[in-house]
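Letter by letter, the chains look like this.
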Amino acid sequence: MGNEPSSPRWSPARPSALVVACSDGRLQEATDAFLAREFQITRYDRFYVPGGGGALASSGTDEARARQMCGECRYLVDLHAVKRVILLFHGPSAAGRIEAACADYRRKLPWAPLAELRTRQELDAVDLLGRRREWAGDASVLLYRCEVDSAGALTFVNLDPDSALGSESTTHLRKRRTT
């Protein structure tokens, strides 16, 4: 059975990408499909933790955990010679339902309405970009949020306003931050 030609095989070659994503199992298939479609990545190292990319940000309330997660991420980047880190956040779209919000952000900001949770993720993304050498070393960094609309459809939105890969949604985020 294990010798069938179609059986997956272990390879000593390490993937060059690390994906930091939330451990929320409702998003795993969509995450795999997004990475395969957008970046042709099917093999990647995974750092799945509650909060995903947001786990590396203290959001003003969780500095010890954020420091530990940054250290763990940097450890993986260095140990596996990672060339690209993809940070994923998730939550409802602007018109989505609060039930789709990241539980880790709900824990950090239990009083926050949907708009504030989204803004906090955007601010955390900007902060993490500014400190990327701390947790990603020399690896390139991409940041996305998987947004869930009110009907349950998923869209991955680029959260890096300076990225050449930016989308119209990213341009909108940049305008909102400066007002």
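One can find the structure itself at the top, above this paragraph.
Note that the structure is a prediction, hence the values are computed from the model and not measured. (Residues numbered from 1 in each chain as written. Predicted model: local features only at pLDDT ≥ 70, side-chain atom pairs only at ≥ 80, totals over all residues. Heavy atoms only, no water.)

## Description of the side chain of arginine 145
Part 1: Tracing the backbone through its elements, the reader meets arginine 145 in strand β4 (residues 140–148).
Part 2: In this structure arginine 145 comes out as buried when scored by relative accessible area, which is 0%.
Part 3: At 2.9 Å, the side chain of arginine 145 and the side chain of glutamate 122 are in polar contact.
Part 4: Polar contacts involving the side chain of arginine 145 include one to the side chain of glutamate 147, which spans 3.0 Å. (Helix = DSSP H or I, 4+ residues; strand = E, 2+ residues; numbered from the N terminus. Buried < 20%, exposed > 50% of the residue type's maximum accessible area, 1.4 Å probe, protein only. Polar contact = N/O pair within 3.5 Å; in protein donor to acceptor, adjacent residues only side chain to side chain.)

## Observations regarding the packing of aromatic side chains
Part 1: The final tally for this structure, using the stated rule, is five aromatic pairs.
Part 2: Between phenylalanine 34 and phenylalanine 39, the ring centres sit 5.7 Å apart and the planes meet at 90 degrees, which makes this aromatic pair edge-to-face. Phenylalanine 39 matches phenylalanine 34 in its accessibility class, with the two residues each being buried.
Part 3: Between the aromatic rings of phenylalanine 89 and tyrosine 105, the centroid separation amounts to 6.4 Å while the plane-to-plane angle is 45 degrees, which identifies the pairing as tilted. (Phe/Tyr/Trp six-rings, centres within 6.5 Å; stacked < 30°, edge-to-face > 60°.)

## Notes on the pairing of strand β2 (residues 45–48)
Part 1: Alternating positions in β2 separate cleanly, Asp45 and Phe47 being buried on one face and Arg46 and Tyr48 remaining unburied on the opposite face.
Part 2: Pairing of strand β1 (residues 17–21) with β2, which is carried by four bridges, proceeds in the parallel orientation. When the bridges of β2 are listed, alanine 21 appears paired with tyrosine 48.
Part 3: Handedness of the crossover joining β1 and β2 through helix α1 (residues 28–39) is recorded here as right-handed. (Pairing = 2+ DSSP bridges. Right-handed = clockwise from strand over helix to strand, strands pointing away.)

## Some words on the nonpolar core
Part 1: Core analysis: the largest hydrophobic core is formed by 32 residues, its most contacted members being Leu18, Leu56, Val85 and Trp135.
Part 2: Those elements that provide at least two residues to this core are β1, α2 (63–80), β3 (84–92), α4 (114–130), α5 (132–136) and β4.
Part 3: Ranked by residues supplied to this core, first place goes to α2 with five residues.
Part 4: Counting residues in each nonpolar core, the second largest holds 16 residues, with Val19, Leu35, Leu88 and Tyr144 among its members. (Core = buried A, V, L, I, M, F, W, Y, C linked by side-chain atoms within 4.5 Å.)

## With respect to unusual backbone geometry
Part 1: For glutamine 40, which is not a glycine, the phi torsion comes out positive at approximately 55 degrees.
Part 2: Looking at where glutamine 40 falls in the secondary structure, it is placed in the loop between α1 and β2.
Part 3: Positive phi values are uncommon outside glycine, yet alanine 81 reaches one of about 55 degrees.
Part 4: One can find alanine 81 in the loop between α2 and β3.
Part 5: Looking at alanine 81, the relative accessible area reads 44%, which means it is partly exposed.

## Concerning α1
Part 1: Helix length check: α1 (12 residues) gives 16 Å between terminal C-alpha atoms against 16 Å at 1.5 Å per residue, within 8%.
Part 2: Taken together, the buried residues of α1 touch β1, β2, β3, β4 and β5 (154–158).
Part 3: Residue glutamine 40 follows α1 closely and has a positive phi angle near 55 degrees. (Expected span 1.5 Å × (residues − 1). Contact = heavy atoms within 4.5 Å.)

## Topic: the pairing of β1
Part 1: Across the five residues that make up β1, a large majority, five, are buried.
Part 2: As paired strands, β1 and β3 are joined by four bridges and run parallel to one another. Within β3, the residue paired with leucine 18 across the bridge is valine 85.

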